[in-house]
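Letter by letter, the chains look like this.
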Amino acid sequence: MGVDLRRGALPSGPDTAGARPDAGPLPAGPPKIVGIAWGLLILNTLGSAGAKTVIPLPRSLIQMVTMGALAAAFALALAVNLRPRIRASAYLLLLTLLLVPSVIASANLESGFGALFRCARLALFVGTLWLLSRWWDGSLTFVRSHIRMYFAVLGSVAAGLVISPGAALPELYGGRLVGALWPLTPPQIGQYAAVIIGLTVLLVVGRRTDRASAALVIVPSLVLLALTHTRTATLGLLIGLTLAIGSLILTSAAARRFFAWAVLCVTVAAVGFGSALQAWFLRGQTQEYFTSLTGRAKVWDALLAEPRTTVQRLFGTGLGDKSFGGLPIDNSWLAVYHEQGLTGVVLVSAVIVVLGGVALLRPPSVPRACAIFLISYCAIASYTEAGLGDASPYLLHLALAASLLAAPAAPAVATPLPAPAVPRRRVPRWAHGPEVS
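The following refers to the structure shown. This one's a predicted model, so the numbers in the text were calculated from it and none came from an experiment.

**What about the packing of aromatic side chains?**
Part 1 of the reasoning: Summed over the entire model, instances satisfying the criterion amount to four aromatic pairs.
Part 2 of the reasoning: The interplanar angle of 25° and the centroid separation of 4.7 Å between the aromatic rings of Tyr150 and Tyr192 together place this pair among those described as stacked. One end of the pair, Tyr150, is in helix α6 (residues 141-163); the other, Tyr192, is in helix α8 (residues 186-205), with 42 residues separating them in the sequence. For the pair Tyr150 and Tyr192, a shared accessibility class is recorded, and that class is buried.
Part 3 of the reasoning: Relative to Tyr383, the ring of Trp300 lies with its centre 5.4 Å away and its plane at 65°, an arrangement referred to as edge-to-face. With a gap of 83 residues between them, Trp300 in helix α14 (residues 296-305) and Tyr383 in the loop between α17 (366-381) and α18 (393-405) connect regions that are remote in the sequence.

**So, unusual backbone geometry**
Part 1 of the reasoning: A positive phi is found at Arg207, a non-glycine position, where the angle reads about 55°.
Part 2 of the reasoning: Turning to its location among the elements, Arg207 is positioned in the loop between α8 and α9 (211-228).
Part 3 of the reasoning: The phi torsion at His229 lies on the positive side, around 55°, for a residue other than glycine.
Part 4 of the reasoning: Mapping His229 onto the fold places it in the loop between α9 and α10 (231-246).

**Here we look at the nonpolar core**
Part 1 of the reasoning: By size, the foremost hydrophobic cluster in this structure holds 99 residues, and its most contacted members are Trp38, Tyr91, Leu129, Trp136, Leu199 and Leu398.
Part 2 of the reasoning: Broken down by element, the residue count for this core peaks at twelve residues, all from α8.
Part 3 of the reasoning: Non-local contacts of Trp38, meaning those with residues more than four positions away in its chain, are made with Leu129, Leu132, Phe142, Ser145, His146, Leu396, Ala399 and Leu400.

**Here we look at a positive patch on the surface**
Part 1 of the reasoning: A surface patch of positive charge is lined by Arg207, Arg211, Arg256 and Arg257.
Part 2 of the reasoning: Topologically, Arg211 is positioned in helix α9.

**A few points about a nonpolar patch on the surface**
Part 1 of the reasoning: Together, Val54, Ile55, Leu57, Leu61, Met64, Val65, Ile163 and Leu181 make up an exposed nonpolar region whose accessible area comes to about 700 Å².
Part 2 of the reasoning: Per element, the largest residue contribution to the nonpolar patch is three residues, and it comes from helix α3 (residues 59-80).
Part 3 of the reasoning: In this structure, Leu57 sits in the loop between α2 (32-44) and α3.
Part 4 of the reasoning: Residue classification places Leu57 among the partly exposed residues on the basis of a relative accessible area of 32%.

**Side note on the environment of Ala107**
Part 1 of the reasoning: Tracing the chain through its elements places Ala107 in the loop between α4 (90-106) and α5 (113-132).
Part 2 of the reasoning: Sequence separation between Ala107 and Cys119 is twelve residues; the distance between their C-alpha atoms is 9.8 Å.

**Concerning the packing of α10 against α17**
Part 1 of the reasoning: For the pair α10 and α17, interaxial distance at closest approach is 8 Å and the crossing angle is 145°. Read as a crossing pair, α10 and α17 show a hand that is right-handed. Residues Thr232, Ala233, Leu235, Gly236, Leu237, Ile239, Gly240, Leu241, Leu243 and Ala244 of α10 form the contact with α17, whose own contacting residues are Ala369, Ile372, Phe373, Ser376, Tyr377, Ile380 and Ala381.
Part 2 of the reasoning: Along the lines of polarity and charge, the residues of the contact of α10 with α17 split into 13 nonpolar, four polar and no charged.

Scoring rules and cut-offs
Residues numbered from 1 in each chain as written. Predicted model: local features only at pLDDT ≥ 70, side-chain atom pairs only at ≥ 80, totals over all residues. Heavy atoms only, no water. Phe/Tyr/Trp six-rings, centres within 6.5 Å; stacked < 30°, edge-to-face > 60°. Helix = DSSP H or I, 4+ residues; strand = E, 2+ residues; numbered from the N terminus. Buried < 20%, exposed > 50% of the residue type's maximum accessible area, 1.4 Å probe, protein only. Core = buried A, V, L, I, M, F, W, Y, C linked by side-chain atoms within 4.5 Å. Contact = heavy atoms within 4.5 Å. Patch = residues over 30% accessible without salt bridge, like charges linked within 9 Å, V, L, I, M, F, W, Y side chains within 5 Å. Areas by Shrake-Rupley, 256 points an atom, 1.4 Å probe, with all protein chains shown as cover. Salt bridge = Lys/Arg side-chain N within 4 Å of Asp/Glu carboxyl O. Lys, Arg positive; Asp, Glu negative; His and termini not counted. Charge placed at Lys NZ, Arg CZ, Asp CG, Glu CD. Axes fitted to C-alpha atoms, helices over the stretch in contact; angles between N-to-C directions. Left-handed = near helix turned anticlockwise from the far one by under 90°. Nonpolar A, V, L, I, M, F, W, Y, C, P; charged D, E, K, R; others polar.

Here it is as structure tokens:
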């Protein structure tokens, strides 16, 4: 793709400037298969529903590709970690516990046999993350894999825009950018663009990549984000970056300079392009429609007013397609309450609280800033997007945050081998000299 996010050719950052010259070679990173498995997990979470593509793709074919990607990711993770070695992770433990209310509610088949299938998918998804957790050591390895894969997805969106602008900007979505080669909705594209923009900016601020490589990622991603008119992704990007860079201000001069320039640019844009930004933000909607969150509030009110049994309140109705009455719920907390009950809401809340608490306790660093950005973005997006209770990009973003917050593994101390015994040479008796008395 022409995007080089490696660290090798970069000037040393704060974490390498004080390294001892005699510290020895750095430990090898994870095998390439680990990065491939991570990319397959991202492919699995792209979904099978979205806009009409240039070449019609049967939904069964898309589901076969996405589920095949998950099975392949699990097989690769198991192959590279054949004698399973995992790292303790509160995040993965909470996701494993989330399977309990999911299975209990889905076993009633209120949502059909598809609910059990979704439970199996979630179990395989979490199992793959457990196998990959062996390489969660607080490094930026998975961040680079995350950026590369989502940049490839955005590359397919850009290719669809070039090949068929009419299909990529359909009137059905109000002229917003969709996936013309792979069925992706505007919120999905906006989410992917916002996440890789935020992570790449933090890599630049932390001097973990050069500016030319970062510009190749940030500039086209910003264009695609603007074409999606996705307000949630834009707000999540701005607020998440503010919090992440704010965590570096006291220890990084580059972060302070970037923050100052960002405030200046935002001020100038607000003054000079205020009306254009307001028009972009409203997307031609009336004030009443905007305040009702484009109709979401009506679905939320109906969902909360639905009578439920005690079991349904505690464990939900089973994993479904995140809809109520045929309309999307578009709220992670209400979707979790509907499908996994109050138990699921408590576990998902614990995920955000635990990751946020660990991030606050870590010393300032680029990995910590990336984790803060991801946690903040997912928390903000959860208000108007569903996905925190099932296999989704949001769970992958949080898994990436958990990998960044993991403590580095203690280096193995090499035990020196004993020197081999030198055999004594036998000297014939006649060769001995005369004894001296």
